[in-house]
Amino acid sequence: MADVDGDSSGRSHERYIPSYEAPTAPMPAVQAEDGTMIGTRVPRRFPIGDGEETLLVPRIDSAGAFPAPERPSPVGEPAGRAEPPAPPPPSGASPAGPPRRGGLSLRAVYSIVAALLTAAAVVLVFVLFSGDEPPEQSAQPRPEGAAAPPAKAAPTITLPGRPKMKALAALPGTPSGVVGSVSDATADITYAKLGRPWKAAAVPPFSVGQQVGAARLPRTVVGSGMLPGATPAIAPKTYPALRTAAMQAVKWTAANHHPPGGKIAWTASQKAAGGKGWTLGYRVTYVLNGKKHTSQAAVTVLDVGRRKPAMLFVTVPDSRKELWADIAPLMASARPL
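Residues numbered from 1 in each chain as written. Predicted model: local features only at pLDDT ≥ 70, side-chain atom pairs only at ≥ 80, totals over all residues. Heavy atoms only, no water.

Q: Please clarify how the sheet that holds strand β3 (residues 178-184) should be interpreted in this entry.
A: Picture the strands of a sheet paired through backbone hydrogen bonds; they go either parallel or antiparallel. Overall, antiparallel pairing links the three strands, which are arranged β3-β4-β12 in an open sheet. Either end of the sheet is taken by a strand with one partner, and the two such strands are β3 and β12 (335-336). In this structure, β3 lies alongside strand β4 (residues 189-194), joined through six bridges in antiparallel fashion. By the bridge assignment for β4, D184 is matched with I189. (Pairing = 2+ DSSP bridges. Helix = DSSP H or I, 4+ residues; strand = E, 2+ residues; numbered from the N terminus.)

Shown next, in the form of structure tokens:
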């Protein structure tokens, strides 16, 4: 019978190690200097002496990369504890291992994507606005350092002061024969159609015209149409307003149908004979080929119920002064349709 505190041999357990830790039979335990008991069990990790380090050679995983190092154990946790293993990848997906040496970092990938987006934006702007190209210039390029040619300025016409009331007098000569009437449907006016040497002709920008000789300056023309220029905010309905509109017509005809540099003098200012309107007669003096010349002209504006009045214009140079007699009867024949 074994003792309560001993084994079957009658020996106490105090100086022996259990038989399951001994390779064959109970072995005596040895007390170390610090009082601890040293058994005969071989530790799983051999003790490391002072100054020695454990050289751990990690194994290479199936992807050919080294596993991540173990993080340092926090205070209070046993050393050597590794992070819990990551869950396995879904079936059919390739395992994503750590980035290999020579691969692109996340910052490099972002930089490449940003560069591609910027390039795409530039291309898009170019495509959207590529149609907004300036028209090609046919002029030859200027030599480097050469001054740009000055822009051709529009001729400046200075009118004399407000004309005094004066009837348009018949000038010397024999008037041309009247062969009918002209109906200008664009301007809604009608007037006399003069016979030879007058003939129908295009006189831009008038809607209807007659002409004698060539179209070069100084011209011999008759033209009708709406008053050139911008449409007024308030239609000229009063005689003062119609007189102002007639003065604007004189300024426009002097700049477009007479030689440049001419000077204007009033010869008549009166109410229109054939309707509500105003008639102005004037003389244009200019120099042509070194010689002084004169053209007689007149303009009539008529209220035709629109924001703009209609206009009838005639000019004859001194080279055809026998036709000056046509001016007064022509202006007197104008009336609204």
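Q: I tried to follow the sheet that holds strand β5 (residues 199-200) on my own but got confused; where do I start?
A: Taken in spatial order, the seven strands line up as β5-β6-β7-β11-β10-β9-β8 in an open sheet, and their pairing is antiparallel. Bordering the open sheet on either side are β5 and β8 (263-271), each of which pairs with just one other strand. By the bridge criterion, two bridges tie β5 to strand β6 (residues 208-211) in an arrangement that is antiparallel. The residue bridging K199 from the neighbouring strand is Q211, located in β6.

Q: Honestly, the confidence of the model for the chain in this entry has me stumped. Any pointers?
A: Segments scoring low in pLDDT should not have their predicted coordinates read at a detailed level. Confidence in the prediction of the chain, expressed as mean pLDDT, is 75, and 59% of residues score 70 or more. Ignoring residues within four places in sequence, the model shows residues 8-14, a span with pLDDT below 50, making 10 contacts including any to other chains. Counted against residues more than four places away or in other chains, residues 72-82, with its pLDDT under 50, gives eight contacts. (pLDDT = per-residue confidence, 0-100. Contact = heavy atoms within 4.5 Å.)

Q: I'm lost on the side chain of T294 in this one. Help?
A: Summarising the element assignment, T294 is placed in strand β10 (residues 291-302). A residue is classified by how much of its surface remains accessible, and T294, at 17% relative accessible area, is buried. (Buried < 20%, exposed > 50% of the residue type's maximum accessible area, 1.4 Å probe, protein only.)

Q: I keep staring at the nonpolar core and nothing clicks. Help me out?
A: Nonpolar side chains in soluble globular proteins tend to end up buried together. In this structure, I189, Y191, L312 and V314 are the most contacted members of the largest nonpolar core, which totals 25 residues. Within the residue set of this core, elements represented by two or more residues are β4, β10, β11 (310-317) and α3 (327-332). In contact with L312, other than residues within four places in its own chain, are I189, Y191, V222, G223, S224, A298, V299, T300, L330, M331 and A334. If you look at the next biggest cluster of nonpolar residues, it comprises 24 residues, including F206, V221, L242 and A245. (Core = buried A, V, L, I, M, F, W, Y, C linked by side-chain atoms within 4.5 Å.)

Q: How should the packing of aromatic side chains be read in this particular structure?
A: Ring pairs (aromatic) are described by centroid distance and by the angle formed between their planes. Counted by the stated rule, this structure contains four aromatic pairs. Considering the side-chain rings of F206 and W252, the 5.7 Å spacing of their centres and the 85 degrees angle between planes classify their relative orientation as edge-to-face. Remark: W252 occurs in helix α2 (residues 239-256) and F206 occurs in the loop between β5 and β6; sequence separation between them is 46 residues. By relative accessible area, W252 is classed as partly exposed at 21%. The ring of W278 has R243 sitting right over it, with the charged end atom 5.6 Å from the ring centre. Directly above the ring of Y239 sits K271, whose terminal nitrogen or CZ lies 4.4 Å from the centroid. (Phe/Tyr/Trp six-rings, centres within 6.5 Å; stacked < 30°, edge-to-face > 60°. Lys NZ or Arg CZ within 6 Å of the ring centre and 35° of its normal.)

Q: Please clarify how the pairing of strand β7 (residues 221-226) should be interpreted in this entry.
A: For a regular strand, the rule is simple: side chains alternate between the two faces of the sheet. Burial analysis of β7 places five of its six residues in the buried class, which makes it a mostly covered element. As paired strands, β7 and β11 are joined by six bridges and run antiparallel to one another. Looking at β11, one finds that S224 is bridged to L312.

Q: Is there a simple way to explain the environment of Y191 in this structure?
A: For Y191, the position within the fold is in strand β4. Y191 sits 83 residues away from G274 along the chain, and the two C-alpha atoms are 9.5 Å apart. If near-sequence neighbours (up to four positions away) are discounted, Y191 is found in contact with S181, V182, V208, Q210, V222, S224, L312, L330, S333 and A334. A distance of 2.9 Å separates polar atoms of two side chains, one belonging to Y191 and the other to S224. (Polar contact = N/O pair within 3.5 Å; in protein donor to acceptor, adjacent residues only side chain to side chain.)

Q: What should I look at first to understand the pattern of salt bridges in this one?
A: Side chains that differ in sign of charge can pair as their charged atoms come close. Enumeration over the complete set of coordinates arrives at two salt bridges. Note that D188 is salt-bridged to R306, the shortest N-O span being 2.6 Å. Within this pair, whereas D188 is found in the loop between β3 and β4, its partner R306 is found in the loop between β10 and β11, the two being separated by 118 residues in sequence. Exposure remark for D188: the relative accessible area of 25% places this residue in the partly exposed category. According to the relative accessible area criterion, R306 is partly exposed, its value standing at 34%. Here D303 ties to K237 by a salt bridge, and the two come within 3.2 Å at their closest N and O atoms. With a gap of 66 residues between them, D303 in the loop between β10 and β11 and K237 in the loop between β7 and α2 connect regions that are remote in the sequence. The exposure class assigned to D303 is buried, which follows from its relative accessible area of 18%. On the basis of relative accessibility, which here comes to 33%, the residue K237 falls in the partly exposed class. (Salt bridge = Lys/Arg side-chain N within 4 Å of Asp/Glu carboxyl O.)

Q: What's the story with the side chain of Q211 in this structure? I'm lost.
A: Here Q211 lies in strand β6. With relative accessibility at 11%, the residue Q211 sits in the buried group. At a separation of 2.9 Å, a polar atom in the side chain of Q211 contacts the main-chain carbonyl oxygen of G213.

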